[in-house]
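Letter by letter, the chains look like this.
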Amino acid sequence: MSRHPIIKWAQRDDLIYITIDLPDAKDVKLKLEPEGKFHFSATTTSGADNIPYEIDINLYDKVDVNESKASVGSRNILYLVKKKESKWWNRLVKEEGRTPVFIKVDWNKWVDEDEQDEKAGPDMEYDDVNFSSLNIGGGGEEDYEDDDDESDSEEETESITEEQTVSSEPGASSSQVEVKC
């Protein structure tokens, strides 16, 4: 008897993103038919046993098989399915009722229908930023070697005490911090 791997999905008006989470899948077979029939099968190895996985689902609507693409990776299988008509689907599968338990929404790729044309905010776009030129943490030209002639075997202890006292108004605080190096 075969098992069902977890399928995550998201959509745009013209595409469906299907991710099958199955690390180290072997003998991967994918079949997509124009009327929306989707078949997946593969095996994984657990000890000496080969465990079969299989999925047969009917997608919500027709798809363009020639424009759809698949990529088999070491941790998952990605399928970019082109819809025949550019419109939003109410669900991934054609059958009404409860969605099978192995089908989940891929919230990392999900975009709401009314937000799909909006561009990401300026704080979310990093395509044109060269992080190495920002001089923040590591990778700099500075030399941090210790120039002291003292032996490293000696224990050095430094205590820093910081006191902050604020009046006894609501939200006031008093703290003491001690750091030993």
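S.K.: Lay out the overall build of the protein in plain terms, naming residues and giving numbers.
M.R.: Of regular secondary structure, the protein possesses 0 helices and 10 strands. Helices and strands in the protein line up, N terminus first, as β-β-β-β-β-β-β-β-β-β. Expressed as a percentage of its 181 residues, the buried residues of the protein come to 23%. Look at the contacts in the protein between residues 6 or more apart in sequence, and 53% of them connect residues 24 or more apart. Carbon and sulfur atoms form 44% of the exposed surface of the protein, whose accessible area is close to 13,800 Å².

S.K.: Could you give an account of the sheet that holds strand 5 (residues 49-58), naming the residues involved and the relevant values?
M.R.: Sheet architecture is open: 3 strands sit in the order 3-4-5, paired in antiparallel fashion. Among the strands making up the open sheet, the edge pair consists of strand 3 (26-32) and strand 5. Direction aside, neighbouring strands of the sheet carry axes that sit 10° apart on average. As paired elements, strand 3 and strand 4 (residues 37-46) share 5 bridges and run antiparallel to each other. Its bridge partner lying in strand 4, Lys 31 is registered against His 39.

S.K.: For the environment of Asp 61, give the residues involved together with the corresponding values.
M.R.: Tracing the chain through its elements places Asp 61 in the loop between strand 5 and strand 6 (63-72). Along the sequence, Asp 61 and Pro 34 sit 27 residues apart, while their C-alpha atoms lie 9.1 Å from each other. Discounting chain neighbours no more than four positions away, the residues touching Asp 61 are Glu 35, Gly 36, Lys 87 and Trp 89. Polar contacts involving the side chain of Asp 61 include one to the side chain of Lys 87, which spans 3.0 Å.

S.K.: Before we move on, could you go through the nonpolar core and cite the residues and values that matter?
M.R.: Grouped together as the largest cluster of nonpolar side chains are 25 residues, with contacts concentrated most on Ile 7, Ile 18, Phe 40, Ile 57, Leu 59 and Leu 92. Here this core takes 4 residues from strand 5, the largest share from any one element.

S.K.: Tell me what's going on with the pairing of strand 6, and back it up with residues and numbers.
M.R.: Relative to strand 7 (residues 76-83), strand 6 runs antiparallel, the two being bridged by 6 bridges. Its bridge partner lying in strand 7, Ala 70 is registered against Tyr 79. Hairpin connection, strand 6 to strand 7: the antiparallel pair is bridged by 3 residues.

S.K.: With reference to specific residues and values, describe the sheet that holds strand 6.
M.R.: Read from one edge to the other, the open sheet built from 5 strands follows the order 6-7-2-1-8, with strand pairing classed as mixed. Each having just a single partner strand, strand 6 and strand 8 (103-105) make up the two edges of the open sheet. Strand-to-strand, the axes of this sheet are offset by a mean angle of 25°, without reference to chain direction. Bridge analysis of strand 2 (residues 15-21) against strand 7 gives 7 bridges, and the strand direction is antiparallel.

Calculation rules
Residues numbered from 1 in each chain as written. Predicted model: local features only at pLDDT ≥ 70, side-chain atom pairs only at ≥ 80, totals over all residues. Heavy atoms only, no water. Helix = DSSP H or I, 4+ residues; strand = E, 2+ residues; numbered from the N terminus. Buried < 20%, exposed > 50% of the residue type's maximum accessible area, 1.4 Å probe, protein only. Contact = heavy atoms within 4.5 Å. Areas by Shrake-Rupley, 256 points an atom, 1.4 Å probe, with all protein chains shown as cover. Pairing = 2+ DSSP bridges. Axes fitted to C-alpha atoms, helices over the stretch in contact; angles between N-to-C directions. Polar contact = N/O pair within 3.5 Å; in protein donor to acceptor, adjacent residues only side chain to side chain. Core = buried A, V, L, I, M, F, W, Y, C linked by side-chain atoms within 4.5 Å.

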